[in-house]
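Here is what each chain is made of, one letter per residue.
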Amino acid sequence: MTASAPRFPSDPSESRIPPLKGVSPEIVGIKLEPIVALSSSRVVGMELLSQLASPEQSETFFQHQSVKQCIRLLEVQLAALKNTGYANHLFINLPITVFMEPDYFARILPLLNAGQNIEIVEPGLFFQLPAELRERVTRHWGMLADRGCRIWLDDVNTASLSPFLSRQLPLCGVKIDKMAFWRKRSTPALAELVNLCAQVANNVLIEGIESKRDREYALQAGAEFGQGYYWPSVGWSEEKKRLA
């Protein structure tokens, strides 16, 4: 997935991040979760996430964010990470609505650079779009791929992945949802799901890895990458004033 190993700060406290001004007061910081090559345990990237004042409300909070709010948050987060060692190897969550409107896409396009990974949130919505919008979204994904960004389907399971098997899309990878992993991890069905993912894109990542045994299940099933609490995240908040 990457041509060379990214260089992240050896001491997270060395990478200071300015306050996240201009976003919701509920968002108090940044959290970076490692993306790991399962065979070598090498960190190949970081997923960009938000720290909330009320973490238990995170799902509801982001469900009610408008596209403009989503783009503004990304602008502020990327500006905060610009001078750190993490900026060029991020995994960035974006809703499919960002790619539907030319004005929204024109706003995010200058923010994204080669080497960054774009995760399409709720990818199943793609098939609910009219044909014209699907073509536009596909074209926008292709524009990002041409500039060296990598497009991933986020949080898939067997049902949500199946419609993508018959499509030719500019996809780099597929992330298997943690709930799907937990249901299938000790069964042959996990390898079957990984094989389906590999028919859609070259790279397969499994979320929800929380133990050495989980890592072994994912590796044996044929996945190349993993993510989960087994590997410590890097966090920063207004209270801490630094990555830690």
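Placed above this text is the structure.
The present account deals with the structure reproduced in this document. (Residues numbered from 1 in each chain as written. Predicted model: local features only at pLDDT ≥ 70, side-chain atom pairs only at ≥ 80, totals over all residues. Heavy atoms only, no water.)

Our focus in this paragraph is the nonpolar core. Grouped together as the largest cluster of nonpolar side chains are 59 residues, with contacts concentrated most on Leu 94, Phe 99, Ile 118 and Trp 141. Among the elements that line this core, the one with the most residues is helix α2 (residues 67-81), at seven residues. When near neighbours in sequence (up to four residues on either side) are disregarded, Trp 141 contacts Ile 96, Phe 99, Ile 120, Phe 126, Ile 151, Leu 169, Pro 170 and Leu 171. Within the second largest apolar cluster, eight residues are counted, among which are Ala 37, Val 44, Leu 205 and Phe 225. (Core = buried A, V, L, I, M, F, W, Y, C linked by side-chain atoms within 4.5 Å. Buried < 20%, exposed > 50% of the residue type's maximum accessible area, 1.4 Å probe, protein only. Helix = DSSP H or I, 4+ residues; strand = E, 2+ residues; numbered from the N terminus. Contact = heavy atoms within 4.5 Å.)

All right, on to the side chain of Arg 215 then. Structurally, Arg 215 is set in helix α8 (residues 212-220). For Arg 215, which is buried and forms no salt bridge, the nearest opposite charge comes from Glu 216, at a distance of 5.7 Å. If we skip the residues at most four places from it in the chain, Arg 215 touches Leu 38, Ser 39, Ser 41, Ile 209, Tyr 230 and Trp 231. (Lys, Arg positive; Asp, Glu negative; His and termini not counted. Salt bridge = Lys/Arg side-chain N within 4 Å of Asp/Glu carboxyl O.)

Taking 1.5 Å of rise per residue, the 16 residues of helix α4 (residues 131-146) would be expected to cover 22 Å, and the 22 Å separating its terminal C-alpha atoms lies within 8% of that figure. Listing the buried residues of α4 in full gives Leu 133, Arg 134, Arg 136, Val 137, Thr 138, His 140, Trp 141, Gly 142 and Leu 144. Tucked inside the fold, the buried residues of α4 contact α3 (102-108), β4 (117-121) and β5 (150-156). Two residues or fewer past α4, Gly 148 is found with a positive phi of approximately 100 degrees. (Expected span 1.5 Å × (residues − 1).)

Looking now at the packing of aromatic side chains. If you walk through the whole model with that rule in mind, you get eight aromatic pairs. Taken together, a centroid distance of 5.2 Å and an interplanar angle of 70 degrees make the contact between Tyr 230 and Trp 231 edge-to-face. Through pairs of rings, three or more aromatic residues link up here, namely Phe 99, Phe 105, Phe 126, Phe 127, Trp 141 and Phe 164. Cation over ring: Arg 185 sits above Phe 181, and NZ or CZ is 5.9 Å from the ring centre. (Phe/Tyr/Trp six-rings, centres within 6.5 Å; stacked < 30°, edge-to-face > 60°. Lys NZ or Arg CZ within 6 Å of the ring centre and 35° of its normal.)

This part covers the pattern of salt bridges. On inspection of all chains with the given rule, the structure shows eight salt bridges. Put simply, Glu 75 and Arg 72 hold a salt bridge, and the shortest N to O gap is 3.4 Å. With Glu 75 and Arg 72 both in helix α2, this residue pair falls three residues apart, about one helical turn. Between Glu 75 and Arg 107 there is a salt bridge; the shortest N-O distance is 3.0 Å. With Glu 75 in helix α2 and Arg 107 in helix α3, the pair connects residues that are 32 residues apart, well separated along the chain. Ionic contacts of the salt-bridge type, sharing partners, join the residues Glu 47, Glu 119, Lys 175 and Glu 207 into one network.

This part takes up the environment of Glu 33. Among the structural elements, Glu 33 can be located in strand β1 (residues 27-37). Overall, Glu 33 belongs to the buried group, its relative accessible area being 13%. Taking the C-alpha atoms as reference, Glu 33 lies 7.6 Å from Gly 228; in sequence the two are 195 residues apart. Beyond its immediate stretch of four places on either side in the chain, Glu 33 contacts Gly 45, Met 46, Glu 47, Leu 49, Gln 227, Tyr 229 and Ser 233. Within polar-contact distance, the side chain of Glu 33 engages the side chain of Lys 31 at 3.4 Å. A polar atom in the side chain of Glu 33 sits 2.9 Å from the side chain of Gln 227. (Polar contact = N/O pair within 3.5 Å; in protein donor to acceptor, adjacent residues only side chain to side chain.)

Before going further, it helps to examine unusual backbone geometry. With a phi close to 65 degrees, Ser 41 is a non-glycine residue in the positive phi region. For Ser 41, the location among the structural elements is in the loop between β1 and β2 (42-52). Judged by relative accessible area, Ser 41 falls into the partly exposed class, the value being 39%. The backbone of Asp 155 sits at a positive phi, close to 55 degrees, despite the residue not being glycine. Topologically, Asp 155 is positioned in strand β5.

A separate point is α8. Among the residues making up α8, those that are buried are Asp 214, Arg 215 and Ala 218. Viewed end-on, α8 has its buried residues packed into an arc of 100 degrees, placing them on one side of the element. Of the residues in α8, the exposed ones pointing more than 90 degrees away from the buried face are Lys 212 and Gln 220. Contacts from the buried residues of α8 go to α6 (178-184) and β7 (203-207). (Arc of directions from axis to C-beta.)

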